[in-house]
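Below, each chain spelled out in residue letters.
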Amino acid sequence: MSRRSTHNQHAASQTSSTQHIAGMDTQSMTLVQTKLQLPHLPLRTIKRDQLWKHLDASMDYKISLVSTPAGFGKTTLVSQWITARNATTAWVTLDTDDNDPLRFWRYLIAACQRFLPESEATALSLSLLSPTIATPFTFPTLENVVTSLLNELMQLNQQAILVLDDYAVITENIIHKTLTTFLERLPPAIHVILISRSEPPLPLLRWRARGEIYDLNTTDLRFSREEIATFFEQELTLSLSVQALQHLDTLLEGWAAGLRLIALNLRNKHSVQEVEQYILNLSAEQRSIQAYFVDEILASQPEAAQSFLLQTSILSRLSASLVDDVMDRSDSATLITSLELAGLFIEVLDIPTEVERWYRYSSLFTEVLQHEARHRLGEDTLKKLASKASQWFEEHNMHIQAVEMALQAQDGERVAQLMEESILTTHSNTSEKIYTATDFHDFCRCLELLPEEVLARHPHLCFSYANARLYTYVLGEVPLTAENMQRLERCLDMAEASWRSSNNTIHLGEVLAFRALITQQYGYMEKALQLAKQALDYLPIEQSQWYMACRGVLGAGLISTGQLHEARQLFQHRMSINNRAFTRPGVILFSKICIEQAEFRQATASLEQILIEAREDKDRDDIADAQLGLAKISYAQNALATAQQQAQEALELARQLVHEEAIIHAEMVLVAIQHAHGTTVAALQQLMHKLAWVKPNGIPMRSQFFYEILAAQAQLQLASGDLVAVERWVQSRKDYAESLPRVQQEKEEFLMARWFISQKQAQDALELLTPILDAAKQAGRIRNSLECQLMMAQAHAMLKQQQTARSLLLEVVAHAGPENYQRLFLDQGPAMVALLQALLPHIQATHQSVFVKKVLRAFSNPGSINNTSSSVLIEALSPQEQRVLRLLVSGRKNPEIAAELVVSTNTVKTHIQNIYRKLNVENRVEASEVARQLNLLQEFS
């Protein structure tokens, strides 16, 4: 299945669950600025000189990895060092919500924008930072995003640091994969510091082997005994005994968080003796953070504070008014203030508001509080609290948090209602649906938690899930496995059943359009066409995304099935919409129609404009498609060097994008160029390699690629005279030919006709080609009809039906000449030379005569033909003309030639005129050059 086609045509309406779906509100798309700032340092910190030296040394490497368990002071150390060094830094503090790949990269891009002037930021990066995009047709893939960011950072001329803090919370493979790509290609001016509680699943061994990564681990970050002493001197303004320091060192093993917890609990000790006694009484059993926090910190708080901490632990953010409502109290503001002043693991959130401040608990202790809350309060109590919080968030238009709390309350029906209502509200308030560029991942994961019976009652959610899941595939986040596809199809079934029962024809049309897109990607074109036509019966044109996507499927299907007249009319209508980004894929498809109708000038004009726009937008998909189309045109016009350059760029981009169809077709153009240059053996080897790579897997499109390559191989084998191999292909195609699209069958039948002609079975060739010509002309397959007529001309000439052959050739020349379609003749091989030479005297139009002579000159160029043409030309020259040519090339004058051959001078002049005509030259110099190019002189000698 091609991500590219889905990307260009898919109109989705979805985002996230706990974060939210399209339009639930804008909060999930607003960047929390504190995540992009260096964390606030404690009032009192210890300068760790030795570790600063390590960080200084790490700047000679591409990456630094600071990896220790929680609480060893990783973040404080790096923040402290950066502040002291006054380094140019971009900082991203990660959390579990950043497992959405797009959210992750939005934050990373936002951080890196600090390195660059705004004018240098590319449109692609800025588009991802935008909360919404108007249409998914311009949606960037993750690979495009990474490439764009790297290109921006290459502009840096000064050293800069990018810090990713708490990377251990990232679990999504696609983020690891794209970050690996980013780090592998990191510009020299950028140094990345990864702060993590564990070693991340990145290619660390490879980087270590290359000397690209500097490691700081637990052993490095442990507090020394001297640092422990300094810490307590700062925190408690007292000096501990050697015995107490030794006990703490043995007990905590340099664990900074443990030191801070103990210092917090020692604030109510008033003498050195009390402090020492407390420390010496600490046992190893209390080393666990959970046990120590519960036994020493939580238990030491007043009962009211303990109740407050436990009941609010379920909230990802809290404010006084929220807690007052959830806990039925009125003193929350006072309690929150006291916790903040006490430094009891509460942090201020940077959320713009004119009403009140928002807080959250430190991530280090949230899990501990929640665990203790479940133990003391019970699951039912926590669910009731979560439900009340969900209601509060909904009433205050904070829909993300409302959904999040409903999930914690395990209220699936409420989750579904909140999400569906938000979708419907957003869509009813906008003239065009707004598509968010984030949160597809979270949205899918949320809905996958809901029971199927709940989803079945909410068709909008079912349909949005299908959209979101397909989009995660387009973005490369997840593979569209059989399991994922089955879930997607099931959601479509539920949405369709609901909307059919309620006779909601517009939404039913959207489902059918979606099914058409999916079906098309797997190569089931007849079924896709059927679904697209059904959808268009339901969709009003005002539903422009789905309507136009559906017409795109219809157009692509018409092209695939060879109904080019109908497809042309469809795309001309589609292109009338004045939206550059929206119509570009349509223009590319329309150009394919023009190419297949041998209208190269119009196709070239369209594709060159597309190429300009695509390069401006750094849209590699459209650049690849435009260059591939231009390469096909250049090849058809025998501009082989240009075609090679265009096809090579298309191939390189297609490989980057893993765009299988473009890869195959670009390589097919390059193979044809190899053959045109006479390196047929290399071309055959390339095709054999592709056959081993493109194996049929049950998906029609993959099978079509395989058989297309197989037919190309047989065509080269026929041109090389390997008739045994061609005979094997002829026999094998009987097993699969009927399963191929009609256009592909037609191409193979042309090869069959060539094989018949090579076997002198002209009548069999005509019987095969005659009905093909009628069908091709009727459907608008002009290139096919021209090729068909050329082969029919060869067959008629073989049957001595010269007048019919000449009429067919004249018609082909009339069509091919204005478009400079040279390869149409050249790819037929040397047999065309005699036919074209015989045709020249019968051509009346000067421009047609010029074109035919150009083709004949191309035949005389060894780089334009596939095997030598000398045998054809020698047969065309009479024995006496051959003798005259030899003497002519040797420099003899007409009287000397006449004397040598014992003929009159007039007879020599007549022979020379015939030679000029047959060699398609106008003077002795040109005749000599052509004779040498075709090795005629060696043959005569």
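Residues numbered from 1 in each chain as written. Predicted model: local features only at pLDDT ≥ 70, side-chain atom pairs only at ≥ 80, totals over all residues. Heavy atoms only, no water.

## Some thoughts on the overall build of the protein
And then number 1: Check the secondary structure of the protein and you find 50 helices and nine strands.
And then number 2: Taken across its 941 residues, the protein has 58% of its residues classed as buried.
And then number 3: Across the protein, the fraction of contacts at a sequence separation of at least 24, relative to all contacts at a separation of at least 6, is 70%.
And then number 4: Carbon and sulfur atoms make up 50% of the accessible area of the protein, which amounts to about 39,300 Å² in all. (Helix = DSSP H or I, 4+ residues; strand = E, 2+ residues; numbered from the N terminus. Buried < 20%, exposed > 50% of the residue type's maximum accessible area, 1.4 Å probe, protein only. Contact = heavy atoms within 4.5 Å. Areas by Shrake-Rupley, 256 points an atom, 1.4 Å probe, with all protein chains shown as cover.)

## Considering the packing of helix α4 (residues 101–112) against helix α6 (residues 142–153)
And then number 1: As a packed pair, α4 and α6 sit with axes 11 Å apart at the nearest point and diverge in direction by 10 degrees. Viewed along their axes, α4 and α6 adopt a mutual orientation that is roughly parallel. Mapping the contact onto sequence places P101, L102, W105, L108, I109 and C112 in α4 and L142, V145, V146, L149 and L153 in α6. (Axes fitted to C-alpha atoms, helices over the stretch in contact; angles between N-to-C directions. Parallel < 35°, antiparallel > 145°, perpendicular 65-115°, else oblique.)

## Quick look at the sheet that holds strand β6 (residues 213–216)
And then number 1: Read across the open sheet, the five strands follow the order β2-β4-β5-β1-β6; overall the sheet is parallel. Only two strands of the sheet have a single neighbouring strand rather than two, namely β2 (89–93) and β6. Between one strand and the next, the sheet's axes are offset by a mean angle of 15 degrees, whatever the strand orientation.
And then number 2: Direction of pairing for β2 relative to strand β4 (residues 160–165): parallel, over a ladder of five bridges. Directly across from T93, in β4, lies its bridge partner D165.
And then number 3: Sheet strands touched by helix α2 (residues 49–58): β1 (63–67), β5 (190–196) and β6. Its angle to β6, the strand with the most contacts, is close to 165 degrees. (Pairing = 2+ DSSP bridges.)

## A short note on the pairing of β2
Two faces, one strand: in a regular strand the side chains alternate between the faces of the sheet.
And then number 1: Counting buried residues in β2 gives five out of five residues, a clear majority hidden from the surface.
And then number 2: In β2, alternate side chains face the same way, and those of T89, W91 and T93 on one face and A90 and V92 on the other are all buried.

## Quick word on the packing of α6 against helix α7 (residues 173–184)
And then number 1: Axis separation between α6 and α7 bottoms out at 10 Å; the angle between their running directions is 30 degrees. On the basis of their axis angle, the class for α6 and α7 is roughly parallel. In this structure, the crossing between α6 and α7 has a hand that is right-handed. Across the interface between the two elements, L142, V146, L149, L150 and L153 of α6 pack against I174, T178, T181 and F182 of α7.
And then number 2: Its residues assigned to classes, the contact of α6 with α7 comprises seven nonpolar, two polar and no charged. (Left-handed = near helix turned anticlockwise from the far one by under 90°. Nonpolar A, V, L, I, M, F, W, Y, C, P; charged D, E, K, R; others polar.)

## Concerning the environment of A402
And then number 1: By the element assignment, A402 lies in helix α20 (residues 399–408).
And then number 2: Through-space distance from the C-alpha of A402 to that of Q391 is 6.7 Å; in sequence the pair is eleven residues apart.
And then number 3: Apart from residues no more than four positions distant in its own chain, A402 is found in contact with S390, F393, E394 and L418.

## Quick look at the nonpolar core
And then number 1: Grouped together as the largest cluster of nonpolar side chains are 179 residues, with contacts concentrated most on F308, F393, F514, W729, F825 and L836.
And then number 2: By residue number, the principal contributor to this core is helix α36 (residues 700–719), which donates eleven residues. (Core = buried A, V, L, I, M, F, W, Y, C linked by side-chain atoms within 4.5 Å.)

## A few points about the pairing of β1
And then number 1: A large share of β1 lies buried, amounting to five of its five residues.
And then number 2: Pairing analysis gives five bridges linking β1 to β5, with the strands arranged parallel. Bridge assignment links S67 to a residue of β5, and that residue is S196.
And then number 3: Where β1 lies against β6, four bridges are found, and the strand directions are parallel. Across the sheet, residue S64 finds its bridge partner in β6, namely Y214.

## Here we look at α7
And then number 1: Along its twelve residues, α7 runs 16 Å from first to last C-alpha, staying within 8% of the 16 Å computed at 1.5 Å per residue.
And then number 2: Taken residue by residue, α7 has I174, I175, H176, T178, L179, T180, F182 and L183 as its buried positions.
And then number 3: Among the structural elements, β1, α4, α6, β4, β5 and α8 (204–210) are those in contact with the buried residues of α7. (Expected span 1.5 Å × (residues − 1).)

## Quick word on the pattern of salt bridges
And then number 1: Across all of its chains, the model carries 42 salt bridges by this definition.
And then number 2: As a salt-bridge pair, E253 and R222 come within 3.8 Å of each other at their nearest N and O atoms. One end of the pair, E253, is in the loop between α11 (242–252) and α12 (256–265); the other, R222, is in the loop between α9 (218–221) and α10 (225–236), with 31 residues separating them in the sequence.
And then number 3: For R823, the salt bridge is made with D827, and the minimal N-O distance between the two is 2.7 Å.
And then number 4: When its relative accessible area of 21% is taken as the criterion, D827 is described as partly exposed.
And then number 5: Within this structure, K62, E184, R206, R210 and E212 form a network of salt bridges that share partners. (Salt bridge = Lys/Arg side-chain N within 4 Å of Asp/Glu carboxyl O.)

## Section: the side chain of H665
And then number 1: When you line up the elements, H665 lands in helix α34 (residues 660–676).
And then number 2: The class for H665 is buried, based on a relative accessible area of 16%.
And then number 3: One polar contact links H665 to E708, side chain to side chain, over a distance of 3.3 Å.
And then number 4: Beyond its immediate chain neighbours, meaning those up to four positions away, H665 contacts L628, K632 and E708. (Polar contact = N/O pair within 3.5 Å; in protein donor to acceptor, adjacent residues only side chain to side chain.)

## So, the packing of aromatic side chains
And then number 1: According to the stated counting rule, one finds 17 aromatic pairs in the structure shown.
And then number 2: Aromatic rings pair up to connect F104, W105, Y167 and F182 into one cluster.
And then number 3: Just above the ring of Y107 sits the side chain of K35; from NZ or CZ to the centre is 4.6 Å.
And then number 4: Sitting over the ring of Y465, R487 keeps its end group 5.6 Å from the ring centre. (Phe/Tyr/Trp six-rings, centres within 6.5 Å; stacked < 30°, edge-to-face > 60°. Lys NZ or Arg CZ within 6 Å of the ring centre and 35° of its normal.)

## Quick look at the environment of K690
And then number 1: Positionally, K690 belongs in helix α35 (residues 680–693).
And then number 2: Each C-alpha atom of the pair K690 and F706 lies 8.4 Å from the other, and the pair is 16 residues apart in sequence.
And then number 3: Leave out the neighbours within four places in its chain, and K690 touches I663, E667 and I709.

## Digging into unusual backbone geometry
And then number 1: You will see that D166, though not glycine, has its phi angle at about 65 degrees, which is positive.
And then number 2: Of note, D166 is situated in the loop between β4 and α7.
And then number 3: Owing to a relative accessible area of 14%, D166 belongs among the buried residues under this scheme.
And then number 4: Phi angles above zero are rare outside glycine, and Q410 is one such case at about 55 degrees.
And then number 5: Topologically, Q410 is positioned in the loop between α20 and α21 (412–428).
And then number 6: Residue class for Q410 comes out exposed when judged on its relative accessible area of 57%.

## Focus: the confidence of the model for the protein
And then number 1: For the protein, the average pLDDT comes to 82, and 84% of its residues sit at 70 or higher.
And then number 2: Long-range and interchain partners of residues 864–875, a stretch whose pLDDT sits below 50, account for 36 contacts in this model, where long-range means more than four residues apart. (pLDDT = per-residue confidence, 0-100.)

## What to know about α2
And then number 1: Here α2 has its buried residues at L51, W52, L55 and S58. Projected onto a plane normal to the axis of α2, the buried residues spread over an arc of 115 degrees and lie on a single side. Exposed residues lying more than 90 degrees from the buried face of α2 are Q50 and K53. (Arc of directions from axis to C-beta.)

## Let's talk about the environment of A676
And then number 1: Among the secondary structure elements, A676 is positioned in helix α34.
And then number 2: Note on A676: relative accessible area 0%, which makes it buried.
And then number 3: Counting along the chain gives 41 residues from A676 to Y635, while the straight-line C-alpha distance between them is 9.5 Å.

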